Amino acid sequence: MIILKWSLNWLIKQKNGQFDFEESLTFPKEMFYNLSQINGLKDSVRVSGHGHFFEADQRLYVTLHVEGTMIVPCAISSEPVEYPFELDETEIFAFYKPDEDEDVIEAKKDTADLTPVVFQEIMMVVPMRVVKEGAELKRTGKGWQVLDESDVHANEEDNPIDPRLAKLKDYFKNKE
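Let me sum up the structure you'll find in this document.

Definitions and limits used
- Position labels on residues start from 1 in each chain and follow its written sequence.
- In view of the model being predicted, local features appear only for residues whose pLDDT reaches at least 70, and side-chain atom pairs are presented and counted only at 80 or more, with totals across whole chains, interfaces and linings using the full set of residues.
- Where side-chain values are given, they derive from all heavy atoms of the structure, hydrogens and water being excluded.
- Paired strands are those between which DSSP finds at least two bridges.
- Each helix is a run of DSSP H or I of at least 4 residues and each strand a run of E of at least 2, with the numbering of both proceeding from the N terminus.
- By nonpolar core we mean a set of buried residues, namely Ala, Val, Leu, Ile, Met, Phe, Trp, Tyr and Cys, connected to one another through side-chain atoms within 4.5 Å.
- Categorising residues by exposure relies on relative accessible area from a 1.4 Å probe, with only protein chains included: less than 20% of the type maximum marks a residue as buried, more than 50% marks it as exposed, and the intermediate range marks it as partly exposed.
- Any two rings among Phe, Tyr and Trp, with Trp reduced to its six-membered ring, count as a pair given centres within 6.5 Å; such a pair is stacked if its planes are under 30 degrees apart, edge-to-face if over 60, and tilted if neither.

1. Considering the sheet that holds strand 5 (residues 80–94)
Then step 1. One open sheet accounts for five strands, arranged 2-3-4-5-6; its pairing is mixed. Strands at the two margins of the open sheet, each flanked by one partner only, are strand 2 (18–25) and strand 6 (105–106).
Then step 2. Bridge analysis of strand 5 against strand 6 gives two bridges, and the strand direction is parallel. Bridge pairing in strand 6 links alanine 94 to glutamate 106.

Structure (structure tokens):
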């Protein structure tokens, strides 16, 4: 598994603190075992972008583009569905202990690790519901069936009112 990490020493050596990157990340299947909205990722995810490190304020600004294909369950049949995605994001890493109100990611051990950030951003774009092409709602099963309005009215005609309860149908007519 390739990991996108940049150390503080490496960043300082970059010309004007700037660099470009393009990598393929593969996330292990185990990361998706306890997730109900996504089954995994097809192959690897392509991550590209640009980084700019400002030594004066000890911050790394990373703009990234991520594209790949996630495998999600069909909302009707639960069969796996391939769902392509793309996302663009900007992240800021701080090489110091940030305040709680700062919207930055703390670089641990003088290393900015983009891999967990990419995973988190992918989880943010998982669709709520995907339906596989050609999937149809199952209308019957063992001991159950889906009824529509015409079925309900047909059942009313087939089942006449119980004579013991017949007087109740007129109860509210007299109240008006």
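2. A look at the nonpolar core
Then step 1. Trp6, Leu60, Leu114 and Ile122 are the most contacted members of the largest nonpolar core, which totals 35 residues.
Then step 2. Every element with two or more residues in this core is listed here: helix 1 (8–13), strand 2, strand 3 (40–54), strand 4 (59–73), strand 5 and helix 2 (115–124).
Then step 3. It is strand 4 that provides the largest number of residues to this core, a total of six residues.

3. Side note on unusual backbone geometry
Then step 1. If you check the backbone angles, glutamine 58 has positive phi at about 55° while not being a glycine.
Then step 2. Following the sequence through the fold, glutamine 58 ends up in the loop between strand 3 and strand 4.
Then step 3. Overall, glutamine 58 belongs to the partly exposed group, its relative accessible area being 22%.

4. Comments concerning the packing of aromatic side chains
Then step 1. In this structure the tally under the stated criterion is eight aromatic pairs.
Then step 2. Note on tryptophan 6 and phenylalanine 19: the rings are 5.0 Å apart at their centroids and 55° apart in plane angle, and the pair reads as tilted. With tryptophan 6 in strand 1 (residues 5–7) and phenylalanine 19 in strand 2, this pair connects stretches of sequence that are 13 residues apart.
Then step 3. By relative accessible area, tryptophan 6 is classed as buried at 6%.

Keep in mind these numbers describe shape, not what the thing actually does.
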